[in-house]
Amino acid sequence: LDFGVYYGDPICAAMGGTVLAAYAEGDFSTDNILWTYGTYVVIQHDGYKTYYAHLSSRTVSVGDRVEKGQVIGYSGNTGRVNSSAGGPYAGTHLHFEIRKYNASLGVYRTVDPTLYLPWWN
């Protein structure tokens, strides 16, 4: 789910958990699909992972314990973001994902985030 935000807006954890991954723009080469997220954070929750991508910067590191509502970074346009408008702020948005653990398959699967956001419906 992509949220339109202003460049530099604070991005907060949707739920409390532990930072599983925290990458900066350039940590992956363009031949690795993960470069498309740019600067991003993944938080591990009980049976879920939340992804926050295209950040301008992050304020957390792997292993950090975060609380719901804690600032984990700031919005940006890193990774594969484009806009016909061009310029340094073009395409600024937050890419937000929720992945739920599927015990029968032993993997995390992407789910529709709107089903988990109480203010969405």
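Computed from a prediction, not measured in an experiment: that's the story for all the values here. (Residues numbered from 1 in each chain as written. Predicted model: local features only at pLDDT ≥ 70, side-chain atom pairs only at ≥ 80, totals over all residues. Heavy atoms only, no water.)

Student: Sorry if this is basic, but what is going on with unusual backbone geometry here?
Tutor: Despite not being glycine, H54 has its phi angle at roughly 75 degrees, a positive value. Checked against the element boundaries, H54 lands in strand β5 (residues 48-58). (Helix = DSSP H or I, 4+ residues; strand = E, 2+ residues; numbered from the N terminus.)

Student: Just checking my understanding: could you explain the nonpolar core for this structure?
Tutor: Nonpolar side chains tend toward joint burial in soluble globular proteins. In terms of nonpolar packing, the biggest core is built from 17 residues, with V41, I43, Y52, V66 and I72 touching the most fellow members. Elements supplying a minimum of two residues to this core: β3 (17-23), β4 (39-45), β5 and β8 (93-102). If near-sequence neighbours (up to four positions away) are discounted, I43 is found in contact with A13, G17, T18, V19, L20, Y48, K49, T50, Y52, V66 and I72. Core analysis: the second largest hydrophobic core is formed by 7 residues, A21, Y40, V42 and A53 among them. (Core = buried A, V, L, I, M, F, W, Y, C linked by side-chain atoms within 4.5 Å. Buried < 20%, exposed > 50% of the residue type's maximum accessible area, 1.4 Å probe, protein only. Contact = heavy atoms within 4.5 Å.)

Student: Is there a simple way to think about the pattern of salt bridges in this case?
Tutor: Close approach of charged atoms allows side chains with opposite charge to pair. Enumeration according to the criterion identifies 2 salt bridges in this entry. A salt bridge links E97 to R99; the nearest nitrogen and oxygen atoms lie 2.9 Å apart. (Salt bridge = Lys/Arg side-chain N within 4 Å of Asp/Glu carboxyl O.)

Student: How should the packing of aromatic side chains be read in this particular structure?
Tutor: Here a ring pair, both rings aromatic, is described through the centre-centre distance and the interplanar angle of the planes. In this structure the tally under the stated criterion is 8 aromatic pairs. Their ring planes at 55 degrees and their centres at 6.4 Å tell us that F3 and F96 sit as a pair that is tilted. Of the two residues, F3 sits in strand β1 (residues 2-4) while F96 sits in strand β8, which places them 93 residues apart along the sequence. For F96, a relative accessible area of 5% gives the class buried. Each ring, one from Y52 and one from F96, has its centre 5.4 Å from the other, and the planes form 55 degrees; the classification is tilted. Here the residue Y52 occupies a position in strand β5, and F96 occupies one in strand β8, the gap between them amounting to 44 residues. A relative accessible area of 1% places Y52 in the buried class. (Phe/Tyr/Trp six-rings, centres within 6.5 Å; stacked < 30°, edge-to-face > 60°.)

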